[in-house]
Amino acid sequence: MPKHDTPLLDQLESGPWPSFVKDIKRQAEKNEACWDILGQLELSYEDKITHWKHGGIVGVFGYGGGIVGRYSDVPKKFPGVAHFHTVRVNQVSSKFYRTDFLRQICDIWERRGSGMTNMHGSTGDLVLLGTFTEQLEEIFYELTHDVNVDLGGSGGNLRTPSCCLGKARCEWSCYDTQAACYDITMTYQDELHRPAFPYKFKIKFSGCPNDCVAAIARSDLAVIGNWKDDIRIDQAAVKSYMNGEFPANGGSHSGRDWGPFDIQKEVIALCPTNCMWMEGDELKIDDGECTRCMHCINVMPRALRPGVEQGATILIGAKAPILDGAQIATMIVPFISMTPGDEDDGTGGKTGGFEELKDVIEKCWDWWMEEGKNRERIGESMQRIGLPTFLQIMEVDPLPQHVKEPRSNPYVFWKAEEVPGGFERDLAEFRKRNPM
Amino acid sequence: MPKHDTPLLDQLESGPWPSFVKDIKRQAEKNEACWDILGQLELSYEDKITHWKHGGIVGVFGYGGGIVGRYSDVPKKFPGVAHFHTVRVNQVSSKFYRTDFLRQICDIWERRGSGMTNMHGSTGDLVLLGTFTEQLEEIFYELTHDVNVDLGGSGGNLRTPSCCLGKARCEWSCYDTQAACYDITMTYQDELHRPAFPYKFKIKFSGCPNDCVAAIARSDLAVIGNWKDDIRIDQAAVKSYMNGEFPANGGSHSGRDWGPFDIQKEVIALCPTNCMWMEGDELKIDDGECTRCMHCINVMPRALRPGVEQGATILIGAKAPILDGAQIATMIVPFISMTPGDEDDGTGGKTGGFEELKDVIEKCWDWWMEEGKNRERIGESMQRIGLPTFLQIMEVDPLPQHVKEPRSNPYVFWKAEEVPGGFERDLAEFRKRNPM
Amino acid sequence: MGFNPEKPMENRITDIGPPWFEEHFPPVIKENYGKWLYHEILQPGVLKHVSESGGECYTVRVGCARLISTSLIYDYCDIADKHCDGYLRFTTRNNVEFMVDSADKVQPLLDDCNAHDMMPVGGTGAGVTNIVHTQGWVHCHTPATDASGPVKAVMDELFDYFTSMTLPAQVRIALACCLNMCGAVHCSDIAILGVHRKPPLIDHDTITSVCEIPLAVAACPLGAIKPAKGTNSAGEEVKSVSVKEERCMFCGNCYTMCPSMPLADPEGDGIAILVGGKISNARSAPKFSKLVIPFLPNTPPRWTETVAAVKNILEVYAKDAKKYERVGEWAERIGWEKFFEKCNIPFTDKSIDDYRLAYDTWRTTTQFKFTSHIK
Amino acid sequence: MGFNPEKPMENRITDIGPPWFEEHFPPVIKENYGKWLYHEILQPGVLKHVSESGGECYTVRVGCARLISTSLIYDYCDIADKHCDGYLRFTTRNNVEFMVDSADKVQPLLDDCNAHDMMPVGGTGAGVTNIVHTQGWVHCHTPATDASGPVKAVMDELFDYFTSMTLPAQVRIALACCLNMCGAVHCSDIAILGVHRKPPLIDHDTITSVCEIPLAVAACPLGAIKPAKGTNSAGEEVKSVSVKEERCMFCGNCYTMCPSMPLADPEGDGIAILVGGKISNARSAPKFSKLVIPFLPNTPPRWTETVAAVKNILEVYAKDAKKYERVGEWAERIGWEKFFEKCNIPFTDKSIDDYRLAYDTWRTTTQFKFTSHIK
Ligand code: SRM
Ligand code: SRM
Ligand code: SRM
Ligand code: SRM
Ligand code: SF4
Ligand code: SF4
Ligand code: SF4
Ligand code: SF4
Ligand code: SF4
Ligand code: SF4
Ligand code: SF4
Ligand code: SF4
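Keep in mind the model is a prediction, meaning the values are calculated, not measured.

Caption draft 1: Local environment of the overall build of chain C. Looking only at helices and strands, chain C features ten helices and twelve strands. Seen through its C-alpha atoms, chain C measures out along the principal axes to roughly 75 × 75 × 35 Å. Across the 375 residues in chain C, those meeting the buried criterion constitute 70%. Of the contacts made within chain C by residues no fewer than 6 positions apart, 64% connect residues no fewer than 24 positions apart. A total accessible area of about 11400 Å² is found for chain C, and carbon and sulfur atoms account for 52% of it. Averaging the positions of the 38 positive and the 46 negative side-chain charges in chain C gives two centres separated by 8 Å.

Caption draft 2: Focus on the overall build of chain A. What chain A contains, in helices and strands, is 15 helices and 16 strands. Across its three principal directions, the C-alpha atoms of chain A cover 90 × 75 × 50 Å. Roughly 14300 Å² of accessible area belongs to chain A as shown, and the carbon and sulfur atoms make up 50% of that amount. Computed over 48 positive and 64 negative side-chain charges, the inter-centroid distance for chain A is 5 Å.

Caption draft 3: Representation of the coordination of the iron atom of ligand 4 within the structure. The sole protein-derived ligand of the iron atom of ligand 4 is Cys212 of chain B (SG), positioned 2.4 Å away. Of note, cysteine 212 of chain B is situated in the loop between strand S7 (203–206) and helix H8 (215–218).

Caption draft 4: Quick peek at the interface of chain B and chain D. Taken together, the contact pairs 135 residues of chain B with 133 residues of chain D. When chain B packs against chain D, the two sides together hide about 11900 Å² of surface, and 60% of this comes from carbon and sulfur. Of all residues in chain B, Trp17, His54 and Arg169 of chain B give up the largest surface area on contact with chain D, accounting jointly for 9% of the area buried on that side. The tally of links from chain B across to chain D stands at nine salt bridges. Scanning the region where chain B abuts chain D turns up 81 residue pairs in polar contact (both at pLDDT 80 or more). Split into classes, the residues belonging to the side of chain B that touches chain D amount to 58 nonpolar, 45 polar and 32 charged. Here strand S3 (residues 96–98) of chain B runs beside strand S5 (residues 87–90) of chain D; their pairing, made up of three bridges, is antiparallel. Across the sheet, arginine 98 of chain B pairs through a bridge with tyrosine 87 of chain D, a residue of S5 of chain D.

Caption draft 5: Looking closely at the environment of lysine 350 of chain B. Summarising the element assignment, lysine 350 of chain B is placed in strand S16 (residues 350–351). Take lysine 350 of chain B: its relative accessible area is 40%, and that puts it in the partly exposed class. For the pair lysine 350 of chain B and glycine 250 of chain B, spaced 100 residues apart in sequence, the C-alpha to C-alpha distance is 34 Å. If we skip the residues at most four places from it in the chain, lysine 350 of chain B touches Tyr182, Gly341, Asp342, Glu343 and Asp345 of chain B together with Trp20 of chain D.

Caption draft 6: The relation of the copies chain A and chain B, seen in detail. Placing chain A over chain B gives an RMSD of 0.0 Å and needs a rotation angle of 180°, together with 0.0 Å of translation along the axis. One copy is carried onto the other by what is essentially a two-fold rotation axis. Closest approach to the rotation axis within chain A is made by the C-alpha atom of alanine 269 of chain A, at a distance of 5.7 Å. Mapped onto chain B, 100% of the interface residues of chain A again fall at the interface, so both copies present the same surface.

Caption draft 7: The arrangement of the site of ligand 5 in detail. The environment of ligand 5 is formed by Cys164, Gly166, Cys170, Trp172, Ser173, Gly207, Cys208, Asn210, Asp211 and Cys212 of chain A. Class assignment of the residues belonging to the shell around ligand 5 gives a composition of five nonpolar, four polar and one charged.

Caption draft 8: Just the confidence of the model for chain C, in detail. On average, residues of chain C score 97 in pLDDT, and 100% of them reach the 70 mark or higher. Taken together, the chains of this predicted complex give a pTM of 0.97 and an interface ipTM of 0.97.

Caption draft 9: Just helix H4 (residues 148–162) of chain C, in detail. Residue and element names in this part refer to chain C. Over its 15 residues, H4 runs only 17 Å from end to end, short of the ideal 21 Å by more than 12%, given 1.5 Å per residue. Where H4 bends most, at aspartate 156, the angle is about 50°. With 13 of its 15 residues buried, H4 lies for the most part within the structure.

Caption draft 10: Inspection of the packing of aromatic side chains at higher detail. Enumeration over the complete set of coordinates arrives at 76 aromatic pairs over all chains. Between phenylalanine 96 of chain A and phenylalanine 25 of chain C the ring centres are 4.9 Å apart and the planes differ by 80°, which places this aromatic pair in the edge-to-face class. Linking phenylalanine 96 of chain A in strand S3 (residues 96–98) with phenylalanine 25 of chain C in the segment before helix H1 (27–32), this pair reaches from one chain into another. With relative accessibility at 1%, the residue phenylalanine 25 of chain C sits in the buried group.

Caption draft 11: View of the interface of chain A and chain B. Listed as interface residues are 18 residues of chain A and, on the opposing side, 18 residues of chain B. Surface buried jointly by chain A and chain B totals about 1300 Å² across both partners, of which 58% is contributed by carbon and sulfur atoms. Summed over the three residues of chain A that lose the most area to chain B, namely Asp73, Tyr411 and Arg433 of chain A, the buried surface amounts to 34% of that side. Scanning the region where chain A abuts chain B turns up zero salt bridges. Where chain A touches chain B, the interface holds eleven residue pairs in polar contact (both at pLDDT 80 or more). Its residues assigned to classes, the side of chain A that touches chain B shows ten nonpolar, four polar and four charged.

Caption draft 12: Molecular detail of unusual backbone geometry. Following isoleucine 322 of chain A, the chain continues to leucine 323 of chain A via a peptide bond in cis, the omega torsion being 0°. On the secondary structure map, leucine 323 of chain A appears in the loop between strand S13 (310–316) and strand S14 (330–336). Here the amide bond leading from proline 300 of chain D into proline 301 of chain D is cis, since omega sits at 0°, within 30 degrees of zero. The residue proline 301 of chain D is located in the loop between strand S12 (290–297) and helix H8 (304–320) in this model. Within the chain, asparagine 274 of chain A stands out as a residue other than glycine whose phi angle is a positive 50°. Structurally, the position occupied by asparagine 274 of chain A is in the loop between helix H10 (263–266) and strand S10 (276–279). Although it is not a glycine, arginine 375 of chain B adopts a positive phi angle of roughly 60°. Within the secondary structure, arginine 375 of chain B is located in the loop between helix H12 (355–371) and helix H13 (378–385).

Caption draft 13: Looking closely at a negative patch on the surface. Residues Asp342, Glu343, Glu355 and Glu356 of chain A make up a contiguous surface patch of negative charge. Mapped onto the fold, glutamate 356 of chain A is located in helix H12 (residues 355–371).

Caption draft 14: Broad picture of the pattern of salt bridges. Residue and element names in this part refer to chain C. Throughout the structure, instances matching the rule amount to 108 salt bridges over all chains. For glutamate 56, the salt bridge is made with lysine 48, and the minimal N-O distance between the two is 3.7 Å. Given a relative accessible area of 18%, lysine 48 falls into the buried group.

Caption draft 15: Molecular detail of the site of ligand 11. In the vicinity of ligand 11, the contacting residues are Thr134, Gln135, Cys140, Thr142, Pro143, Cys177, Cys178, Asn180, Met181 and Cys182 of chain D. Classifying every residue of the shell around ligand 11 gives six nonpolar, four polar and no charged.

Caption draft 16: Molecular detail of the state of the cysteines. Scanning all chains against the criterion turns up two disulfides over all chains. Covalent S-S linkage joins cysteine 211 of chain C and cysteine 258 of chain C, the inter-sulfur distance amounting to 2.2 Å. With the S-S dihedral at roughly 80°, the linkage between cysteine 211 of chain C and cysteine 258 of chain C falls on the right-handed side. With cysteine 211 of chain C in the loop between helix H5 (207–210) and helix H6 (213–219) and cysteine 258 of chain C in the loop between helix H7 (253–257) and strand S11 (270–275), this residue pair connects regions lying 47 residues apart in the sequence. When sorted by exposure, cysteine 211 of chain C lands in the same class as cysteine 258 of chain C, which is buried. This cysteine, cysteine 84 of chain D, is not joined by any disulfide, and cysteine 113 of chain D carries the nearest cysteine sulfur, 8.1 Å off.

Caption draft 17: Highlighting H13 of chain B. All names here are of chain B. Ile378, Gly379, Glu380, Ser381 and Met382 are the residues of H13 that are buried. Taken together, the buried residues of H13 touch strand S13 (310–316), strand S14 (330–336), H12 and helix H14 (387–393). Looking at the residues trailing H13, positive phi occurs at glycine 386, about 90°.

Caption draft 18: Quick peek at the sheet that holds strand S2 (residues 86–89) of chain B. With antiparallel pairing, the five strands of this open sheet are ordered in space as S1(B)-S2(B)-S5(B)-S4(B)-S4(D). Single-partner strands in this sheet number two, and they are strand S1 (67–68) of chain B together with strand S4 (67–69) of chain D. The pairing of strand S4 (residues 116–119) of chain B with strand S5 (residues 126–129) of chain B spans three bridges and is antiparallel. Across the sheet, asparagine 118 of chain B pairs through a bridge with valine 127 of chain B, a residue of S5 of chain B.

Reading guide: rules and limits
- Here the residue numbers are simple positions, counted from 1 along each chain's written sequence.
- Whichever chain is written first is A, and whichever ligand is written first is 1; the rest continue in order.
- For a predicted model such as this one, the threshold for reporting local features is a pLDDT of at least 70, and the threshold for listing and counting side-chain atom pairs is 80 or more; totals across whole chains, interfaces and linings nevertheless cover every residue.
- Only hydrogens and water are removed before side-chain values are computed, so all heavy atoms of the structure are retained for them.
- Secondary structure counts use DSSP, requiring at least four H or I residues in a row for a helix and at least two E residues in a row for a strand, with both numbered from the N terminus.
- When accessible area is computed with a 1.4 Å probe and restricted to protein chains, residues below 20% of their type maximum are described as buried, those above 50% as exposed, and intermediate ones as partly exposed.
- Any two residues whose heavy atoms approach within 4.5 Å are treated as being in contact.
- Per-residue and other accessible areas follow the Shrake-Rupley method at a 1.4 Å probe size, with only the shown protein chains counted as cover for residues.
- None of His or the chain ends enter the tally, which takes Lys and Arg as positive and Asp and Glu as negative.
- By convention, the charge on Lys lies at NZ, on Arg at CZ, on Asp at CG and on Glu at CD.
- In this analysis a donor is any N, O or S atom within 2.8 Å of a metal ion (3.2 Å for sodium, potassium and calcium), and since water is not included, sites may seem incomplete.
- A quick way to say it: buried area is the sum, across both parts, of accessible area lost when two parts are put together, with a 1.4 Å probe.
- Take a side-chain nitrogen of Lys or Arg and a carboxyl oxygen of Asp or Glu: if they are within 4 Å of each other, that pair is a salt bridge.
- Here a polar contact means two N or O atoms within 3.5 Å. Within protein one must be a hydrogen donor candidate and the other an acceptor candidate, and residues neighboring in sequence count only if both atoms are side-chain atoms.
- Only Asp, Glu, Lys and Arg are considered charged, only Ala, Val, Leu, Ile, Met, Phe, Trp, Tyr, Cys and Pro nonpolar, and every remaining residue, Gly among them, polar.
- Strands qualify as paired when DSSP identifies two bridges or more between them.
- For this overlay, a least-squares fit was computed on C-alpha atoms, restricted to residues scoring pLDDT of at least 70 in both copies.
- Throughout this document, a residue counts as near a molecule or strand when at least one of its heavy atoms sits within 4 Å of that molecule or strand.
- The pLDDT value expresses, per residue, how confident the predictor is, ranging between 0 and 100.
- One less than the number of residues in a helix, times 1.5 Å, gives the span that helix is expected to have.
- The reported bend at a residue is simply the angle between two axes, fitted to the 7 residues ending at it and to the 7 residues beginning with it.
- Note on ring pairs: Phe, Tyr and Trp rings are taken, using the six-membered ring of Trp, and paired if centres are within 6.5 Å. Classes follow the plane angle, with under 30 degrees stacked, over 60 edge-to-face and the rest tilted.
- Patch definition: residues with relative accessible area over 30% and no salt bridge; like charges joined within 9 Å; nonpolar side chains (Val, Leu, Ile, Met, Phe, Trp, Tyr) joined within 5 Å.
- Pairs of cysteine sulfur atoms within 2.5 Å are what we label disulfides.

Shown next, in the form of structure tokens:
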């Protein structure tokens with residue numbers, strides 16, 4: 001039975017959306033600590049302030065990340081959460097799980113933790129929420145030995161990469177997102193577990209420009225599927241859409257009567273590049289003008305598909321606002337091929353692929369580890385040195401595709417070697433021609 | 001006959017565009033100095049560098065502006081341009097001139113100057129190009145006594161205001177641009193002639209958003225005609241355009257066959273707000289959505305006219321790139337009425353009007369003269385203190401119209417008085433609730 | 001034979017990463033991997049994917065509070081075992097997905113979900129899906145608001161939009177409990193952001209021992225923090241810092257670097273609402289969310305003001321936007337002045353950028369619409 | 001009885017400003033002031049304005065080099081006296097306009113203009129009008145190129161576009177001989193900009209006497225200038241400055257403030273081409289010009305490379321743009337990558353912004369077109 005009165009929280013038990021309060025209370029029957037979670041949270045609801053202390057450096061031996069330490073500032077009142085450390089477990093790519101795997105983790109967590117979790121954390125980890133310092137090594141041991149899963153990242157290192165569904169259950173994926181996510185995670189285990197970076201570094205993998213894993217907004221390095229050739233058109237299916245046989249946008253708007261499907265209004269007019277038109281009852285696309293925004297494909301999935309020359313676009317530098325303001329990632333490499341490897345990595349998986357991608361990642365890290373300031377995200381480093389310099393470092397030719405528009409200020413930094421005669425000038429000579 | 005060989009310049013005598021070289025040579029028959037203009041310019045063409053010395057502070061007594069000093073760095077070779085000062089004469093509003101007025105000025109200039117001019121300078125002055133220091137007072141005397149015209153501005157003061165044609169010869173002007181330009185010029189003669197500003201300050205007057213005097217790009221304070229109510233539509237004329245009786249855009253595209261006029265393609269589809277449509281053969285405009293971009297009016301001048309509730313929008317801060325990059329003026333006051341005055345100002349003109357405008361100008365100056373740094377344009381001052389603070393200074397309510405979009409960063413500067421309890425907090429109290 | 005504290009390094013296993021994903025693919029996924037042809041949303045929360053081999057995958061998506069117990073996970077597993085050969089997945093927005101390989105298996109699966117009081121089916125298509133959010137008062141040290149509470153309150157109110165697909169487009173709502181924005185609210189259709197409004201307190205009693213003064217000073221992007229002597233409660237003068245309060249923009253970076261500089265305050269803290277962000281590259285490029293309501297108070301347990309604000313924006317959008325138009329695309333088409341007018345949100349100077357790059361957001365044209373704002 | 005140097009203040013007249021404009025209005029303008037109903041361009045360079053009173057004003061616009069002699073002004077006046085009751089005007093782009101009040105007066109007026117070798121009729125509508133420009137080597141101390149020369153060379157080449165109206169829209173070309181941009185090229189369809197490319201020389205012989213060192217130091221927006229000892233040609237050590245050359249962006253502000261720091265150099269100086277700016281609020285908001293060609297050499301007297309570059313851009317635009325589309329509107333519609341491809345202009349990193357606000361110009365989307373640039 002409840003250890004604390006929680007009149008405020010209790011009001012969150014009602015309502016149609018799943019109630020975390022109800023859920024915690026239920027778990028409290030197994031894990032005493034849950035009463036104290038509720039107790040302290042209730043106190044925060046009264047005080048309108050957090051009751052967790054600042055930071056707390058804890059971890060497992062040999063790793064610099066994976067655990068986020070947390071201590072209560074009112075431990076006497078709530079001894080069950082005096083320590084309340086988070087364990088970040090590296091999720092399976094795209095978060096597919098065998099139930100026995102999840103059950104094993106839950107078993108450990110009910111024995112050694114609070115029994116509460118986040119499925120999942122914003123970065124993508126399977127987050128176990130709340131345990132004591134003395135439990136950490138035990139948990140790590142059981143995770144690695146019994147469940148064969150490792151910790152995720154935290155601190156100034158590679159954060160746990162994550163990916164969208166991709167080819168597993170989506171028709172649009174331009175490369176194997178899971179394979180890429182897995183290969184990169186395995187290849188850079190050291191960077192993930194042992195902080196050697198100026199600050200955190202996140203990598204996310206989306207199979208197409210719809211970007212279902214929010215890579216462009218939330219990862220320092222975003223790998224987003226893309227294609228080079230023409231959109232595949234099934235003209236018969238186009239007609240089926242036009243005469244209403246197929247639901248527009250895969251039925252995603254079926255809850256409201258938007259009237260009969262109008263290809264002109266819903267597809268052609270909304271194409272940002274106006275590169276589509278009807279020729280009789282044939283849909284035409286001027287693919288050279290297409291920016292592959294996905295809209296037409298999204299609206300007519302049975303008629304249109306990405307081209308067959310598939311790969312990925314790499315964008316770098318996304319981050320939240322701290323400190324210089326948020327950044328959406330900047331397009332750096334327009335197109336690379338994404339070929340999975342097939343080296344058996346011993347743990348049952350395959351690595352050794354995605355050469356071009358690894359090449360980009362390592363160029364980026366080599367420079368950033370040298371030049372990045374402490375707590376400076378790579379996006380901030382890019383802003384500090386400027387895009388032209390960053391492109392040189394990345395050994396990428398400057399392209400008009402790198403910018404929305406060319407510079408409007410005239411302040412070009414010329415280098416001495418670019419200017420005939422260089423910067424050295426002789427005053428005497430000058431004055432001979434132009435006396436003061 | 002020529003004093004110097006000018007083989008390079010001579011190549012600019014040919015070609016269909018009026019040749020300044022031919023023109024200078026012709027003038028040389030009257031003004032010896034012109035040979036030296038050509039001689040020194042030829043030298044610059046050989047050397048690919050200017051041969052004018054830096055600056056040179058000259059002027060007429062009691063004025064801080066109106067003359068730009070200039071000296072040759074090779075005066076021995078070209079004694080005729082040893083001094084080559086510019087006299088900026090305040091042009092007539094919209095640059096209408098009686099020929100006798102121009103002839104008088106030319107007479108003076110052939111006697112006392114090089115005989116070369118700029119009709120006109122980029123700011124709008126009637127520019128007399130090249131005379132000697134000893135001539136300055138004489139020229140000023142004759143201009144003021146015999147021609148009844150004053151000098152224009154230069155240096156850290158109000159620069160010579162200028163305006164578009166406006167109601168004089170344009171159907172779209174929403175206020176009296178000449179009257180406004182004249183009134184402001186006369187009202188602020190002191191600010192124009194006697195530098196008291198941190199830097200130059202330019203005011204330009206356009207009668208409508210077409211902005212034919214480039215106010216929005218080239219003036220610290222731009223006064224651009226605008227209207228509040230509905231665009232006036234003459235439906236009969238709309239039909240005449242549709243059946244080709246009237247030339248689209250006043251015939252400005254008649255040099256090429258663009259096919260028959262298509263109101264849908266040429267007007268409705270190009271309306272940036274999509275607020276136009278045809279209802280039968282009637283053209284409809286949802287004026288609440290119209291941003292008064294002028295396009296439809298430009299294309300069908302005989303069918304559409306600005307509304308009748310006319311006035312002006314004030315935008316502040318335009319400038320060239322030195323130092324922080326160029327600025328286009330920022331919309332500060334969405335709408336003011338622009339009523340001309342009718343006080344006889346003694347010199348035959350009328351002043352005493354445009355109260356609201358003067359109010360804005362003076363608010364702006366009062367602050368800028370206090371707070372503006374040396375050589376800081378008002379646009380730069382605005383950037384330094386931020387738009388919200390500038391609006392407070394201008395006593396303008398913050399409006400969504402002031403921005404293209406709301407801020408995307410979360411960095412709001414709250415003031416102590418805006419936050420309950422203010423900024424003072426008691427550590428002991430805090431620690432009682434949140435122990436360290 | 002588990003972990004041995006005496007010999008911590010004894011057969012220690014490290015750097016094994018996550019398991020190979022294929023072992024966690026349901027058969028229908030493994031068989032049709034890369035072969036998918038098209039999809040269809042059969043009803044809210046139920047997706048059908050068809051592969052070129054004719055294979056079909058039916059997905060039932062259920063909403064999830066994200067802060068969940070192992071007990072609930074066991075329940076998920078039970079359903080997955082019963083209907084889905086023992087497989088399930090979580091989405092990038094923290095919903096749960098159960099997948100079956102034939103149409104007839106869908107209804108029984110739905111019945112069991114509906115029978116459970118924590119498994120609402122929905123979150124697909126042109127509706128409101130789960131709210132990406134963060135820790136708040138449940139686990140973090142820097143929050144300006146709670147996460148799970150406001151999310152529960154908002155989702156209760158918007159529940160019908162989770163279980164239906166009646167909006168002009170998908171609406172992505174996110175919550176972050178401080179400016180660190182772990183919820184990555186910076187590109188969301190509607191963003192709920194915890195904000196501090198008071199400069200850091202300086203704890204002269206502890207700062208010398210727990211903080212590196214130079215790091216604290218360096219932490220401030222606006223140089224508001226200077227090294228200074230301070231007097232602790234024992235009256236002794238100590239090496240500390242001082243904060244130029246009028247320069248502070250409440251970013252909280254100083255507290256992140258120095259535990260003796262807390263910003264959190266019951267009256268100062270609350271919620272800002274940002275709108276119009278998007279992530280996808282569909283039609284328009286990704287956009288940042290824009291700050292339209294600078295502050296709403298923290299009112300646990302149900303954050304009434306915040307819930308009302310979000311619902312109002314959502315419903316004005318639902319009425320006014322065109323099919324496929326995301327919130328930001330709508331606001332840009334009608335113009336932000338119209339957004340504020342239609343949503344009846346008072347415009348304040350707090351929405352005018354005065355940080356870096358601010359000039360690019362100023363309106364440098366005579367093009368504007370006359371709204372009720374202009375007197 | 002003119003100016004008396006002995007008594008300079010004797011009946012001195014000041015602050016009288018310009019004459020009252022009405023005295024300079026031709027009768028037809030005065031009578032129909034504010035009554036104009038509509039206009040029509042009858043042929044290139046000939047405008048007809050009709051007023052509600054039925055009054056008509058016919059305007060003949062003639063091109064003008066702007067750097068003109070009093071002799072030419074007398075010629076203008078002769079024509080104005082003969083045809084226009086002794087009135088004329090200049091446009092904001094330095095063309096001359098002769099106005100008559102009836103149709104039959106137009107042809108005789110045109111005949112006299114055409115008879116004169118410096119009065120080309122044109123500059124109206126969808127064509128190229130006069131080039132707004134500046135002083136250059138004719139009068140200024142900071143130029144990186146000449147003004148009148150390049151303008152003459154370009155206008156000779158584009159002359160047919162001045163006398164016709166065959167372009168998709170008006171094309172405004174401007175020239176400024178240094179970054180001060182007196183020509184206000186920062187918002188032009190096509191801009192010709194004189195640029196320096198060498199850091200300032202430091203004249204230790206004169207700097208101490210003619211410059212205020214602190215002002216020179218303060219002049220540099222990038223803090224590239226520091227106070228430093230220097231050695232003059234007499235071998236003496238003097239108070240002077242030093243310039244961190246790799247920091248210099250050649251803005252020339254130091255020279256403006258300090259005559260002993262000249263940037264001008266025959267090899268270093270030349271021309272940059274910017275495009276896509278506009279001033280009007282028609283359709284799209286005013287836009288800045290964008291730098292597309294970072295450098296072309298100074299090649300007097302006819303600046304062949306510059307002329308060719310301008311003509312090329314103009315003609316590609318003329319072929320590719322839609323009716324009413326300004327250069328910048330066209331470039332934005334097709335995308336800048338296509339602009340570079342179609343105009344066959346090599347793209348260099350010089351076109352990528354690395355000054356303030358630069359981030360806002362970076363491309364933050366997967367949306368781009370594949371062009372020949374992508375290998
Ligand atoms: C647990 C998690 C939120 C959640 O509820 O899911 C989280 C929690 C914290 N984040 Fe985060 N961040 C989490 C995902 C993110 C994301 C989203 C993402 O990764 O997609 C972001 C925005 C994207 C980005 O990285 O910019 C994010 C941006 C930050 C920042 C701001 C970084 C910046 O450069 O702007 C900080 C501040 C810092 O690093 O000092 C931060 C710091 C923190 C700290 C460590 C607090 C601190 O100041 O040290 C939080 C620990 C809270 C706790 O006690 O549990 N967290 N953090 C997420 C990690 C779970 C996981 O591993 O899956
Ligand atoms: C004569 C004129 C160019 C012309 O050929 O027409 C001119 C000539 C000079 N300008 Fe200008 N400016 C002239 C219109 C402009 C304009 C255009 C305008 O006014 O519409 C601009 C751009 C708009 C603006 O004001 O920003 C302009 C922006 C500058 C700047 C940059 C100011 C800035 O804040 O970016 C400087 C540099 C300075 O002030 O030190 C400058 C400085 C100069 C100086 C005084 C050179 C100097 O460094 O001191 C030039 C004297 C040249 C000479 O020897 O004759 N001039 N100047 C124009 C004035 C004639 C007139 O009164 O009608
Ligand atoms: C399951 C999930 C991927 C995953 O690995 O977990 C997913 C799955 C699908 N997404 Fe997504 N998206 C998922 C998160 C996202 C995100 C990321 C986010 O919201 O944080 C985005 C970017 C959001 C944004 O732009 O702000 C996203 C933007 C899209 C879009 C672009 C829509 C648009 O017009 O902007 C599409 C295309 C469409 O829906 O027409 C799409 C389409 C799809 C399709 C139809 C792809 C397919 O063919 O199967 C999938 C079902 C759609 C549906 O649920 O209605 N998905 N999708 C994610 C479900 C999250 C959830 O539980 O609700
Ligand atoms: C005479 C002049 C005003 C003056 O006070 O001197 C003038 C006169 C007219 N302008 Fe202008 N504009 C004049 C400079 C400008 C400028 C300023 C500039 O170029 O520096 C602009 C802004 C340029 C820009 O946007 O970059 C300008 C942008 C316009 C526009 C907008 C066109 C557009 O689509 O952007 C119109 C409307 C139109 O042409 O359809 C217009 C329309 C007109 C009309 C039709 C107005 C009318 O009803 O009489 C006049 C004749 C147009 C023509 O010449 O084809 N005028 N006009 C200027 C002639 C300059 C010249 O000699 O060529
Ligand atoms: S990002 Fe593209 S490929 Fe990945 S799940 Fe979304 S729509 Fe499919
Ligand atoms: S993908 Fe986008 S840009 Fe390409 S054709 Fe389809 S709608 Fe147009
Ligand atoms: S700005 Fe407007 S009013 Fe003035 S001349 Fe141009 S079109 Fe006419
Ligand atoms: S003025 Fe511009 S915005 Fe207004 S209706 Fe005409 S075209 Fe549309
Ligand atoms: S957003 Fe802020 S308060 Fe919330 S979890 Fe992240 S760091 Fe903690
Ligand atoms: S909250 Fe941010 S701005 Fe304020 S003092 Fe701390 S670091 Fe500086
Ligand atoms: S642009 Fe530069 S060089 Fe040309 S006149 Fe103006 S200040 Fe002189
Ligand atoms: S030219 Fe400009 S950047 Fe270079 S030193 Fe002089 S002031 Fe500084």
